[in-house]
Amino acid sequence: MGNATAVGAAALLAAVALAACGEEQSVSSLPGQAATIVGAGSTAQVSAIDAWRAGFTRIVPGANIIYHPVGSGEGVRTFIRGHAAFAGSDYVMNAEQRVQADRRCGSRALHLPMVVGPIAVIYHLMDVPDLKLSPTTLTGIFSGKITKWDDHAIARENPGADLPHVGIRAFHRSDDSGTSKNLTSFLSQVGGWPYQPSMTWLAPGGEGVRGSPEMTDAVKTTDDSIGYVEYGYASGAQLHLARVQNAAGEYVTLTPESASQALVGATVVGVGGDLAIKLDPTVKQPGAYPIVLVTYEIACAKGSQPLLRGFLDYAASNAGQSNLSLLGYAPLPPELIARVRASLAGMR
């Protein structure tokens with residue numbers, strides 16, 4: 001790194017650190033520092049990215065943070081091709097993608113968890129304001145084996161509910177989706193999902209929609225429908241959310257607090273600053289809403305632009321994390337945020 005670039009990087013990171021003191025640093029004054037970074041990926045992250053961008057540009061006027069919400073799969077591919085400085089992903093890259101990403105970086109590509117995104121099971125039934133569903137029943141619905149709302153499996157879990165004798169309109173993501181990967185991974189572990197967990201929807205039947213906004217709109221405007229979407233989209237659209245049974249046998253209402261409980265038993269499986277996480281939905285944690293995803297920023301351990309490192313520092317800061325629950329996310333545990341900050345400090 002040249003002297004001018006090093007001075008610029010130090011000035012930028014100092015600007016982020018001084019945010020609490022109200023001091024600002026213009027990007028245009030940083031020698032050798034590009035004023036634009038581009039990211040691509042998860043639609044689950046959009047509200048968080050928007051909030052971080054707004055806060056960061058107050059600290060660093062002139063910074064231009066562009067994020068393309070193309071889905072986790074396309075975001076990872078865009079990052080690997082070198083067309084994005086970072087990828088937003090709701091899943092951990094597979095072994096082949098890790099090799100490709102490391103090659104693209106010339107160093108390790110790091111998974112940096114930034115928020116927990118609860119996955120809401122959304123539905124549109126006019127006379128059923130409180131629907132309870134177990135993982136096994138969800139598997140039946142989304143795999144196409146349960147086709148009527150008054151099926152005995154649903155009725156057994158909802159005694160007294162006015163379930164209509166009509167067909168279920170089940171929606172799934174048609175694009176490569178980290179949300180689909182996390183949902184099917186959960187159902188595979190505890191619900192008997194008969195297909196490989198995948199970003200690409202493998203079950204037959206149902207109706208495909210592209211992206212979280214289209215999923216939200218489809219369920220909101222379609223009678224007798226069901227789908228899945230990140231909590232922020234569901235709460236913003238004021239949709240009915242099903243209560244989902246956890247490993248302790250409770251049917252739990254989705255809130256940021258109940259989603260955070262799902263991180264009990266989670267383990268970091270990455271090495272060398274990589275913080276890929278494995279969730280365990282079989283842990284019998286009372287009060288835990290069981291379907292959550294950890295959404296990551298994927299970035300190079302070495303060679304990333306100082307502007308990117310400053311932006312990620314802000315995202316992991318107290319300021320960046322403080323209001324995420326208002327946007328439909330669940331907070332990361334303090335010990336995990338501390339590890340994210342340590343990984344960011346090691347980026348060069």
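Structure's up top.
Now for a quick tour of the structure. (Residues numbered from 1 in each chain as written. Predicted model: local features only at pLDDT ≥ 70, side-chain atom pairs only at ≥ 80, totals over all residues. Heavy atoms only, no water.)

Observations concerning the packing of helix α2 (residues 46-59) against helix α11 (residues 306-316)
Let me state the cut-off plainly: Here the axes come from fitting lines to C-alpha atoms, over the contacting stretch only for helices, and the angles between their N-to-C directions go from 0 to 180 degrees. Only runs of H or I of at least four residues qualify as helices and only runs of E of at least two qualify as strands under DSSP, and these elements are numbered from the N terminus. Any angle that is under 35 degrees is reported as roughly parallel, and any over 145 degrees as roughly antiparallel; angles of 65 to 115 degrees are reported as roughly perpendicular and all others as oblique. Left-handed is the label given to a crossing in which the near helix is rotated counterclockwise from the far helix by less than a right angle, and right-handed is the label when the rotation is clockwise. Contacts are residue-level and defined by heavy atoms, with any inter-residue pair within 4.5 Å sufficient. Classes in brief: Ala, Val, Leu, Ile, Met, Phe, Trp, Tyr, Cys and Pro nonpolar; Asp, Glu, Lys and Arg charged; the others, Gly included, polar.
Between α2 and α11, whose axes approach to 9 Å, the crossing angle comes to 115°. Here α2 lies roughly perpendicular to α11, going by the angle between them. Handedness of the α2/α11 crossing: right-handed. Judged by residue contacts, I49, W52, R53, G55, F56 and I59 of α2 engage L307, G310, F311, Y314 and A315 from α11. The residue inventory of the contact of α2 with α11, partitioned by class, reads eight nonpolar, two polar and one charged.

Concerning the layout of surface pockets
Going by this rule: Think of a 1 Å grid over the protein atoms and nothing else: a 1.4 Å probe that fits but is trapped marks a cavity, an open set flanked by protein within 12 Å on at least five of seven lines marks a pocket, and residues with an atom within 4 Å of a point count as lining. Grid points are joined across faces, edges and corners, and a volume is the space filled by probe spheres set on the points.
Its volume calculated, the largest pocket comes out at about 510 Å³. Along the wall of the largest pocket there are 23 residues; nearest its centre are N182, S185, I277, K278 and L279. When contributions to the lining of the largest pocket are tallied by element, the ones reaching two or more residues are α7 (178-190), β13 (277-278) and β14 (292-300). The dominant element in the lining of the largest pocket, judged by the number of residues it contributes, is α7, at five residues. Class assignment for the residues of the lining of the largest pocket results in 15 nonpolar, three polar and five charged. Taken as a whole, the second largest pocket encloses approximately 170 Å³ of empty space. Lining the second largest pocket are L263, A266, T267, V268, I277, P333, E335, L336 and R339. Put simply, the parts of the chain that give the lining of the second largest pocket at least two residues each are β12 (267-268) and α13 (334-345). Residue contributions to the lining of the second largest pocket peak at three residues, all from α13.

Structural notes on the side chain of S225
Condition: Distance and chemistry together define a polar contact, namely a pair of N or O atoms within 3.5 Å, with one atom able to donate a hydrogen and the other to accept it when in protein, and with adjacent residues in sequence counting only for side-chain atoms on both sides.
Tracing the backbone through its elements, the reader meets S225 in strand β8 (residues 225-230). Of note is the side chain of S225, whose polar atom sits 3.3 Å from the backbone oxygen of V219. In terms of polar contacts, S225 uses its side chain to reach the backbone carbonyl oxygen of T222, at 2.7 Å. Apart from residues no more than four positions distant in its own chain, S225 is found in contact with I122, Y123, H124, W149, R169, F171, A218 and V219.

A look at the sheet that holds strand β10 (residues 243-245)
Threshold: Strands pair, by our definition, only if DSSP identifies at least two bridges between them.
Pairing is mixed in the open sheet, where three strands are placed in the order β5-β10-β11. Each edge of the open sheet is held by one strand with a lone partner, namely β5 (132-133) and β11 (251-252). Bridge count for β5 against β10 is two bridges, and the pairing is parallel. Its bridge partner being in β10, K132 is matched across the sheet by R243.

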